[in-house]
Amino acid sequence: MPLAPANQSQLIRAGQKDEYYQTFLRNNANEAFQTLTGSKTWLDWRKEVELLSDVAYFGLTTLIGYQTLGEEYVNIIQVDPSRRRIPTPARRSLFVFCHTFLPYLLDKVLVCLENELEGGQEPDCGIRRRQVASGPWSLERWLRRCMQRAVGVLSEPQRRKCLPAVFVLQQTLSLLHRFHVALFYISGLFYHLSKRTAGISYLRVTGLRSDDRTIRSSYRLLGTVSLIQLLLTLCLQLNNFRQRRRARQEWKLYRNLTGSPEQTQTSGSRAARCILCLEERRHPTSTPCGHLFCWECVTEWCNTKKGIMSMVKLEECREKIREELNNIVDFWLKYSHDTVYGGFFNCIGKNGKVYDELKYVWLQGRQVWMYCRLYRTMERFHRPEVLEAAKAGVTFLRNFARVSSSSGQMKCAFCLTRDGKAVKVQRTIFSECFYIMALDELSRVTGDKDMQREAEEMMAQVIFWVQVDPTGLGRPKLPGDIPTNSMAVPMMLLCLVQQLTEGREQEVVLKYKKLGSWCVQQILKHIQRGGTAILENVSLEGTELPGCQGRLQNPGHALEAGWFLLQYSKEWGDMELQGTAIDKFVELPFQYGWDKEHGGILYFLDVDGHCPTQFSDAQNGEWFGYLSRDGKVVVDFKGGPFKGPFHVPRCLYMCERILDDLLKNTA
C-alpha cells in the first residue's frame, strides 16, 4: 500500500493523545513524589519531575525507534526529510532534546535572569531575590551563579534596559509558538517546533482518503484566521507592555514618596513572606479571599491543581468514604444481629451496647436492603456473612412484620418485641415501603420469584392506600383535618418504582410508568414561592398551607427527592426535568439548608425563619445521628427508632459509586 503524507487532523489527534498520556504519567509521578517528600519539596522540584516523566515517555517510544501511543492511535509513522527512511537516532535524539529539555532550560534561564535583573535594579524595595531549592547542588543554583556573574558587569542603566527585553523575549516565545501552529494549519507539515528543527515529518499507513483535500482546505482557512488573530494579539500586547511600564514607573514614584527603604525592610521582613514558597514575596498578588502570594507561586499552584490535585482529591475522598462505609457496615455486623430470635437490634448506643430490644420494621427492611445492595454491587462486601445476615433479616420480617388491619387488609407493624410480637402500628405507608425494598433487593440476589411476587403484592396495596382509599391505614377522617400532600409519600413511591423496575423486563417497567409520572408531578408541587423554596407539605392542589406545617422545610428530604428526580429523568431522557431537579431540588435546598455559621446541613427549617445531624465517631465506629448547630453531640446513640444502617451508608455507597465513575472517566 503506498504511503501518503499525514494531514493536519491526524497530526493533531496524535499530539492530543500523546499529551493525554504524558499528563497521566506526570500526574502519577507528581503524586508519588509529593507523597514521598512532602508538599514543600515537591513544589521545589515539580518541574524536574515533569521533565523526567516526559523524557521517560519519549525515551521509551521515539528515542528507541517505536511509535508513540498517539502515532499508533492514528496509524502514522515518522520519516526524515527524504520521506523514504525513518529518522536516524541523531534526529530522534535532537527531537527529544528540543521537545523536553530545551523548554525546561529556557524557562529556568529566563526566570533566573529576570530575578537577577530585578534584584540588582531594586535593592531598596524590601524584597530579596528568591532562594534556590535546598540541596548541595541544583541546576537553578548553578544558573543563578552564572547569571549573577553576567549581570554583575552591567551598569544600572543597562539593567533597566535588559529587564524589558527579558519580558519581550518571554512573550515572543509564546507568539512564536502560535505563529508556528498557524503555519502548520496552512502547510500541514510540522505540528511541533521540535519536529521542524529535527526535520521529522509523518506518513500515514492507511493510504489516501477521499476527503483529504477538503480537510487540508479547511485547515488552511483556519491557519489564515489564526494569523490575523495573532497580529491583533501582538498589537494588544504591545499596548499592554507600554501601560505596564508606565504603571511600574508610577509605583516607584509612589513608593519613594510614601516611605523610606529602612521602614519597608523592617515592616516587610515577616509580613511579606509567601506561604507557598516560605520566602519573601515577589510580584505580590492577592486572591479573592485576601491572601497574598508570589505571582509565580500562585499561578504554578493553580495550573498544577487543575490536573493533579483534582485526581488526588477525588482519590482522597473515595478512600475516606470507603473507610467510613467499611466502618459502618462492620459496626452493624458486629453489634446489631440477634442470633436468638433473628432480625436486628435497632437501638444501639455509641459503644455498640443495645439499650432497647424493640425492633422497628422499617429499620429492619432498610438494613436488609443495605446488606443486599452492597453484596450485589460491591465486590468487597460479597461475603457470606453479609448475605446470611440479609436472609435472617427477611426471614424475621416475613414471619412477624405483617399484621391484619381493622379493614382486613395486610399491614406491617411499626415496631415489634425482640421475639416478634407487634407493639405498635403506624398510620403511614413507610413500614410497608421498606418491607417491599428488602424483599425485592434480596430476590435479586437469590433469584427467589416468590419473594419478588410478595414485594409486588405489597406494592399494589400501598398504591391503593395512596391513590384510592387510605382508610386501610387506620387514619380516620376528621372534620378539621386539611388533606395534605407530604413530599415524603410521592418521593418514597418514586423510590419504590425505581427499585422494582431496575433491570427488570419491559413489562414491569411499563406497569409502573404511570405511577412514576404521578410521583414526579406530586413532588414538583412542592416548589413554592415563585421557585425560591421547597416546602415539605402543600395542599393536594399544590398551594401553600397555613401555619407551621406549611412553613416546614427539610433540606435533606429535598436533596433526596432531587436524587430520585435525576434518576427518573435519566431513565426517560427528560432533560427539562433534569434541569428542574438540579436547580430546585439540589442547588436550592443546599443553599438555604447549609449552616453558614457552623457548617453542615440543617435538619428542619421554617421558611419564614421563625424557628440538626449525622457525624462520624472515630473512637467507637458508626456515626452520631443528631448534633447541635455548633457541632456538639446532642444524642449519642448510633441506632434508634428513626436512625439505622440506611441513610448514612446509602449516602456513602452512592458517593463511592459516583467517585468511581468520575475517576474512571478522568483516567
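Structure: above.
The notes below deal with the structure included here. Model, not experiment: these values are computed from the prediction.

1. Quick word on the sheet that holds strand 2 (residues 76–79)
Pairing is antiparallel in the open sheet, where 3 strands are placed in the order 1-3-2. Lying at the two open borders of the sheet, with one neighbouring strand each, are strand 1 (4–5) and strand 2. Two elements, strand 2 and strand 3 (residues 201–204), share 4 bridges in a ladder whose sense is antiparallel. Counterpart to Ile76 in the pairing with strand 3 is Arg204.

2. A few points about the side chain of Gln78
Following the sequence through the fold, Gln78 ends up in strand 2. Look at Gln78 and you get buried, because its relative accessible area is 10%. There is a polar contact of 2.9 Å between the side chain of Gln78 and the side chain of Glu71. Side-chain polar atoms of Gln78 contact the side chain of Tyr202, separated by 3.4 Å. Apart from residues lying up to four places away in sequence, Gln78 is in contact with Thr62, Glu71, Ile86, Pro87, Arg92, Ile200, Ser201 and Tyr202.

3. Re the packing of aromatic side chains
One pass over the full model with this rule turns up 18 aromatic pairs. Centre to centre, the rings of Phe58 and Phe95 are 5.6 Å apart; their planes meet at 85°, and the pair counts as edge-to-face. You can see Phe58 sitting in helix 2 (residues 39–59) and its partner Phe95 sitting in helix 4 (residues 89–121), a full 37 residues away along the chain. The exposure classification of Phe58 matches that of Phe95, with both residues buried. An aromatic cluster is defined as three or more aromatic residues linked by ring pairs; in this entry it consists of Phe184, Tyr185, Tyr191 and Tyr219. The ring of Phe396 is capped by Lys359, whose NZ or CZ atom sits 4.5 Å from the centre of that ring. Against the face of Trp362 rests Arg366, its NZ or CZ located 4.5 Å from the ring centre.

Basis of the calculations
- Residues numbered from 1 in each chain as written.
- Predicted model: local features only at pLDDT ≥ 70, side-chain atom pairs only at ≥ 80, totals over all residues.
- Heavy atoms only, no water.
- Pairing = 2+ DSSP bridges.
- Helix = DSSP H or I, 4+ residues; strand = E, 2+ residues; numbered from the N terminus.
- Buried < 20%, exposed > 50% of the residue type's maximum accessible area, 1.4 Å probe, protein only.
- Polar contact = N/O pair within 3.5 Å; in protein donor to acceptor, adjacent residues only side chain to side chain.
- Contact = heavy atoms within 4.5 Å.
- Phe/Tyr/Trp six-rings, centres within 6.5 Å; stacked < 30°, edge-to-face > 60°.
- Lys NZ or Arg CZ within 6 Å of the ring centre and 35° of its normal.

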